[in-house]
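In case you want the letters, here they are:
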Amino acid sequence: MALEWIGDGALLLVVLPVVIYLLRGVLNAAKSIVPSVQQVASTAQAGSRDLDSAALLATTQEQVIKTIESAANYGGSLDVILDDARLEE
Amino acid sequence: MPAAGVVMIVAVVLIIAALVYYLVSTIFALRKITKGLDDAISGVAGIIEKSAPVNDVVTTINKNLDAGVDLLEGLLVKKAGMADAVGLVDGLYPGAAAQGFRNFPESRTIRAPRIGEIYTKGTLTLARLGREAPIAVKSPLGPALRDPAYGSRSARALYPGGRPPAPEPLPRSPIIGTGSPVQYPEGGDGADSGAV
């Protein structure tokens, strides 16, 4: 009979607090991850939105090509118009 | 039933209730984490998808810009000469002479004339066209040889009968350096004395 009471005491005073302590630790750890994951998700989506303008690089590429072509034509004309520098200089 | 048995049952029920409460709460927290990770994965996938062509496009842009730089550097050196080209670039972008031209490693060792202190920007090409270019607009010894505000009219006046078909090469003007007819005092920064 006494052993049963000792077992009851152990369950209530030792096992139950230990179980609650361990489970609360797991729950707190899981809850602490939630805001971090949400921040990661919002940051990733914001980064994805920032890259929406990356498609404009294709336009930039075309403009650069046209600009370089114009510069090449202009340089070709200057090459014809202007005398070369003298070698002794 | 003995009282000790009832207490044991109550203790077991309490333990099971604690297990259920905390485990269910943990499950909900893990579901939130899963949803957040799904959102993060979709965002990262969008980043990967949108940035995929960037490398090729930027490489092409850089390649074209490199070609443009090669073209303009070569043309400038060919037409103005290495020293004046370095001086002109250094006048427009102070300190650029130390970096030199990319395709002309010897340009890093050239002592750049102080073109930026003597000429207004953009007059080097005009100066190479003839002595009447507004090269002396900032000369302390006198006014410009012609009015820089009407440079094109003056340039047309050089050839009233039309430009000769094969003009003789004009002497280089202005003369810069120690051998120039007009000397200016040594600059405070140790640069060579510019002269016109």
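Residues numbered from 1 in each chain as written. Chains lettered and ligands numbered in written order. Predicted model: local features only at pLDDT ≥ 70, side-chain atom pairs only at ≥ 80, totals over all residues. Heavy atoms only, no water.

Draft legend 1. Representation of the overall build of chain B. Counting secondary structure elements, chain B contains 7 helices and 0 strands. By residue count, 33% of the 196 residues in chain B fall in the buried class. In chain B, once contacts between residues fewer than 6 apart in sequence are set aside, the share between residues at least 24 apart is 50%. Roughly 11,800 Å² of accessible area belongs to chain B as shown, and the carbon and sulfur atoms make up 65% of that amount. (Helix = DSSP H or I, 4+ residues; strand = E, 2+ residues; numbered from the N terminus. Buried < 20%, exposed > 50% of the residue type's maximum accessible area, 1.4 Å probe, protein only. Contact = heavy atoms within 4.5 Å. Areas by Shrake-Rupley, 256 points an atom, 1.4 Å probe, with all protein chains shown as cover.)

Draft legend 2. Examining the interface of chain B and chain A more closely. On the chain A side, the residues contacting the 52 residues of chain B number 48 residues. Surface buried jointly by chain B and chain A totals about 4,200 Å² across both partners, of which 75% is contributed by carbon and sulfur atoms. Among the residues of chain B in contact with chain A, Tyr22, Lys50 and Lys79 of chain B are the three that bury the most area, contributing 15% of the side total. Viewed at the interface, chain A and chain B are joined by 4 salt bridges. (Buried area = accessible area lost by both parts, 1.4 Å probe. Salt bridge = Lys/Arg side-chain N within 4 Å of Asp/Glu carboxyl O.)

Draft legend 3. A look at the nonpolar core. Residue and element names in this part refer to chain B. Listed in full, the 8 residues of the largest apolar core are Val77, Ala80, Met82, Ala85, Val86, Ala97, Phe101 and Ala112. For this core, the secondary structure elements donating two or more residues are helix H2 (54-80) and helix H3 (82-92). By residue number, the principal contributor to this core is H3, which donates 3 residues. (Core = buried A, V, L, I, M, F, W, Y, C linked by side-chain atoms within 4.5 Å.)

Draft legend 4. Spatial organisation of the pattern of salt bridges. Following the criterion strictly, the structure yields 7 salt bridges over all chains and no others. Ionic pairing is found between Asp84 of chain A and Lys79 of chain B, a salt bridge with its closest N-O pair at 2.6 Å. Of this pair, Asp84 of chain A sits in the segment after helix H2 (56-81) while Lys79 of chain B is found in helix H2, placing the two residues in two different chains. Under the relative-accessibility criterion, Asp84 of chain A is labelled partly exposed at 38%.

Draft legend 5. Molecular detail of the packing of aromatic side chains. Residues and elements named next belong to chain B. In the structure shown here, the tally under the stated rule is 2 aromatic pairs over all chains. Summarising the aromatic geometry, the rings of Tyr21 and Tyr22 are spaced 5.0 Å apart at their centres and angled 75 degrees between planes, so their arrangement reads as edge-to-face. On the basis of an interplanar angle of 80 degrees and a centroid distance of 6.4 Å, the ring pair of Phe101 and Phe104 is categorised as edge-to-face. Here Phe101 falls in the buried class, since its relative accessible area comes to 6%. (Phe/Tyr/Trp six-rings, centres within 6.5 Å; stacked < 30°, edge-to-face > 60°.)

Draft legend 6. Representation of the packing of helix H1 (residues 2-50) of chain A against helix H1 (residues 3-51) of chain B. Between H1 of chain A and H1 of chain B, the shortest axis-to-axis distance is 8 Å and the interhelical angle comes to 10 degrees. Relative to H1 of chain B, the element H1 of chain A lies roughly parallel. In this structure, H1 of chain A meets H1 of chain B at a crossing whose hand is left-handed. A per-class count over the contact of H1 of chain A with H1 of chain B returns 35 nonpolar, 9 polar and 8 charged. (Axes fitted to C-alpha atoms, helices over the stretch in contact; angles between N-to-C directions. Parallel < 35°, antiparallel > 145°, perpendicular 65-115°, else oblique. Left-handed = near helix turned anticlockwise from the far one by under 90°. Nonpolar A, V, L, I, M, F, W, Y, C, P; charged D, E, K, R; others polar.)

Draft legend 7. The confidence of the model for chain B, seen in detail. All names here are of chain B. Averaged over all residues, the pLDDT of chain B equals 76, while 62% of them reach at least 70. Low confidence marks residues 130-137, where pLDDT is under 50. Its contacts with residues over four positions away, or in another chain, come to 25 contacts. Two summary scores accompany this predicted model of the complex, namely pTM at 0.54 and ipTM at 0.73. (pLDDT = per-residue confidence, 0-100.)

Draft legend 8. Examining H2 of chain A more closely. With 26 residues, H2 of chain A extends 37 Å from end C-alpha to end C-alpha; this agrees with the ideal 38 Å at 1.5 Å per step. On the buried face of H2 of chain A, the contacting elements are H2 of chain B. (Expected span 1.5 Å × (residues − 1).)

Draft legend 9. Here's a closer look at the packing of H2 of chain B against H3 of chain B. Residues and elements named next belong to chain B. Contact geometry of H2 with H3 gives a least axis separation of 7 Å together with a crossing angle of 125 degrees. Between H2 and H3, the angle is such that the two are oblique. Once H2 is placed against H3, the crossing between them reads as right-handed. Counting all contacts with H2, which are made through Leu76, Val77 and Ala80, the residues of H3 involved are Met82, Asp84, Ala85, Leu88 and Val89. Partitioning the contact of H2 with H3 into residue classes produces 7 nonpolar, no polar and 1 charged.

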